Amino acid sequence: MSGLRAAGQEVGVTSPVGLHRVVEPAGVLPQAAWRLDARSEIGPNEVRISVERLNLDAASFRQLRDKHGGDGDAVRAEVLDIIATRGKMQNPVTGSGGMLIGTVAQAGRRSPLGLKAGERVASLVSLTLTPLVVTDGLARWDGLSEQVPCEGWAILFARSIAAVLPEDLDPQLSLAVLDVCGAPALTERVVRRYVAERAGSGPVAVAVVGGAGKSGSLSLAAARRAGAGRTVGVVPTVAERDALVAAGLADEVAVADARDPVALSVAVTSALGVPADVTVVCVDVPGCEHGAVLATADGGTVVFFSMATSFAAAALGAEGLAADVTMLVGNGYVPGHAELALGLLREVPGVRGLFEARLAAD
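Our subject in this report is the structure included herewith. The structure presented is a predicted model; accordingly, all values stated were derived computationally and were not measured.

Remarks on the packing of aromatic side chains
Between two aromatic rings, the relevant description is the distance of the centres plus the angle of the planes. Applying the stated criterion across every chain, the model contains one aromatic pair. Aromatic pair phenylalanine 304 and phenylalanine 311: ring centres 6.4 Å apart, planes at 80 degrees, arrangement edge-to-face. Of the residues examined, phenylalanine 304 reaches a relative accessible area of 2% and is grouped as buried. Judged by its relative accessible area of 37%, phenylalanine 311 is partly exposed. One residue, arginine 86, lies across the ring of tryptophan 34, its end atom 3.8 Å from the ring centre.

Structure (structure tokens):
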């Protein structure tokens, strides 16, 4: 970084997308970089956040947990090493990161984010592109849950996105919701379009794979609000089936291994009576691409929100199945996504119940 000044002061010319923070390799955006400069001094269009808690991406946490056989100390050590080595939290295997909450420590005079010192905020951009330093060794985290209490700082760019935390919700609950808020927003947009196109010619059928999870439960609620005529939530276990049935978010709940293409397709079609018009994939394990395609009607849409998705497998699988489906990559951002997700949490008791049960279990 050029023009570095004393601690707490601003640095010189800075890129709105964070190019000045890229250490290696040169010429790439921060998300694609191997290592970022995470020094605390900010540029005039940057914001420094005093970090309180991280929320690791589900696919990343699962990979780390499985790699270390559930050894929380080993998971914690690897997360610390990743952050120290890369200047950000980006799992080198899954490529994914997560998000954070914290308090605005300093906002540059030309930052367009509208944040003020002292505000508690959640970042709505991935940790994979956010310069991050941890100063407490993650001493308060046991390595056994996705949410990571910590101390340190992070830097937001001019093109970053952040939301002020609502005062009526527990910060941990807000963090869990905002971590996946892009999923219900895009689901609602896609389903609403189908409903409009289908007006007077039959109901829209929606399947959500991973329906009892964070993004899955919100997506089911969003699909129903958008006018879906029939919904099915697909889960891997009887316990998740019972939880989703009790939440009342889906018309049908099916148990199937999403990695088994035929089993997933049969489960969706049997529950809905037809293949799904819209299939939303919200699982955190790889190998679910072909089943999602097979479960979707010709002319339908598959929305992939899992960071475990292989998009090459999805595209080649659809080609091999001669499936006429549109495939969308959920990029985590839709205008108004934070407000929509928090609204669903407040308005739909079943969604809130699943989130609070998940936090209690963690």
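Moving on from the coordinates now.
Quick look at the pairing of strand β4 (residues 98-107)
With respect to burial, β4 is a largely interior element, seven of its ten residues being buried. Bridge count for strand β3 (residues 47-56) against β4 is nine bridges, and the pairing is antiparallel. Bridge pairing in β4 places valine 51 opposite glycine 102.

Thoughts on unusual backbone geometry
In the segment running from glutamate 24 into proline 25, the intervening peptide bond is cis, with an omega of -10 degrees. Tracing the backbone through its elements, the reader meets proline 25 in the loop between β1 (22-24) and β2 (35-36). Here alanine 322, not a glycine, exhibits a phi torsion of approximately 50 degrees, which is positive. If you trace the backbone, alanine 322 turns up in the loop between α9 (311-320) and β14 (326-329).

Examining the nonpolar core
A general feature of soluble globular proteins is that nonpolar side chains tend to end up buried together. Core analysis: the biggest nonpolar cluster contains 51 residues, and Leu178, Val206, Leu218 and Phe355 have the highest contact counts within it. Excluding anything up to four places from it in sequence, phenylalanine 355 contacts Leu173, Ala176, Val177, Val180, Lys214, Ser217, Leu218 and Leu345.

A short note on the sheet that holds strand β13 (residues 296-304)
The strands that make up a sheet are held in pairs by hydrogen bonds between backbone atoms, and each pair lies either parallel or antiparallel. Read across the open sheet, the six strands follow the order β11-β10-β9-β12-β13-β14; overall the sheet is parallel. The outermost strands of the open sheet, each flanked by one partner alone, are β11 (252-255) and β14. Between one strand axis and the next, the sheet turns through 20 degrees on average, direction left out of account. Here strand β10 (residues 230-235) pairs with β11 via four bridges, running parallel. Paired with valine 235 across the bridge in β11 is valine 255. Against the sheet, helix α7 (residues 261-272) contacts β9 (205-209), β10, β11 and β12 (276-281), and its axis sits at roughly 150 degrees relative to β10.

Here's the deal with the side chain of lysine 88
With respect to the secondary-structure elements, lysine 88 resides in the loop between α2 (72-86) and β4. Buried lysine 88, no salt bridge; nearest opposite-charge side chain is glutamate 24, N-O distance 11 Å. Within the structure, lysine 88 has its side chain in polar contact with the backbone oxygen of glutamine 31 (distance 3.2 Å).

Notes on the packing of helix α1 (residues 58-67) against α2
Remark: α1 packs on α2, axes separated minimally by 9 Å, with the N-to-C direction vectors making an angle of 125 degrees. Relative to α2, the element α1 is oriented oblique. Crossing angle aside, the handedness with which α1 passes α2 is right-handed. Contacts between α1 and α2 pair Leu64, Arg65 and Lys67 from the former with Val75, Glu78 and Val79 from the latter. In the contact of α1 with α2, the residues fall into three nonpolar, no polar and three charged.

Overview of the environment of proline 335
In this structure, proline 335 sits in the loop between β14 and α10 (337-347). The class for proline 335 is exposed, based on a relative accessible area of 59%. For proline 335 and valine 255, which are 80 residues apart along the polypeptide, the C-alpha to C-alpha distance reads 33 Å.

A word on the sheet that holds strand β6 (residues 132-134)
In spatial order, the strands read β6-β7-β3-β4-β5-β8; together these six strands make up an open sheet with antiparallel pairing. Whereas interior strands pair on both sides, the edge strands pair on one side only; in this sheet they are β6 and β8 (162-164). Averaged over neighbouring strand pairs, the angle between their axes works out to 35 degrees when direction is ignored. Sheet analysis places β4 next to strand β5 (residues 120-123), joined by three bridges and oriented antiparallel. Following the sheet pairing, glycine 102 is matched in β5 by valine 121.

What about the pattern of salt bridges?
As enumerated under the stated definition, the model contains 23 salt bridges in all. Where aspartate 284 meets arginine 62, a salt bridge forms, and the shortest distance between an N and an O atom there is 2.9 Å. Of the two residues, aspartate 284 is situated in the loop between β12 and α8 (289-294) and arginine 62 in helix α1; the sequence distance between them amounts to 222 residues. The partner of aspartate 179 in a salt bridge is lysine 214, and the shortest N-O contact between them spans 3.1 Å. With aspartate 179 in the loop between α3 (171-178) and α4 (182-197) and lysine 214 in helix α5 (residues 214-225), the pair connects residues that are 35 residues apart, well separated along the chain. We classify aspartate 179 as partly exposed; its relative accessible area is 22%.

Let's talk about the pairing of β9
By the criterion of burial, β9 is predominantly enclosed, with five of the five residues buried. Burial along β9 is two-sided: Ala205, Ala207 and Val209 facing one way and Val206 and Val208 facing the other are all buried. When β9 meets β10, the two strands line up parallel, connected through five bridges. Across the sheet, the residue bridging to valine 209 is valine 234, located in β10. A crossover links β9 with its parallel partner β10, the connecting element being α5, and its sense is right-handed. Relative to β12, β9 runs parallel, the two being bridged by four bridges. Within β12, the residue paired with valine 206 across the bridge is valine 278.

Conventions used here
Residues numbered from 1 in each chain as written. Predicted model: local features only at pLDDT ≥ 70, side-chain atom pairs only at ≥ 80, totals over all residues. Heavy atoms only, no water. Phe/Tyr/Trp six-rings, centres within 6.5 Å; stacked < 30°, edge-to-face > 60°. Buried < 20%, exposed > 50% of the residue type's maximum accessible area, 1.4 Å probe, protein only. Lys NZ or Arg CZ within 6 Å of the ring centre and 35° of its normal. Helix = DSSP H or I, 4+ residues; strand = E, 2+ residues; numbered from the N terminus. Pairing = 2+ DSSP bridges. Core = buried A, V, L, I, M, F, W, Y, C linked by side-chain atoms within 4.5 Å. Contact = heavy atoms within 4.5 Å. Axes fitted to C-alpha atoms, helices over the stretch in contact; angles between N-to-C directions. Lys, Arg positive; Asp, Glu negative; His and termini not counted. Salt bridge = Lys/Arg side-chain N within 4 Å of Asp/Glu carboxyl O. Polar contact = N/O pair within 3.5 Å; in protein donor to acceptor, adjacent residues only side chain to side chain. Parallel < 35°, antiparallel > 145°, perpendicular 65-115°, else oblique. Left-handed = near helix turned anticlockwise from the far one by under 90°. Nonpolar A, V, L, I, M, F, W, Y, C, P; charged D, E, K, R; others polar. Right-handed = clockwise from strand over helix to strand, strands pointing away.

That is the geometry; function is a separate question.
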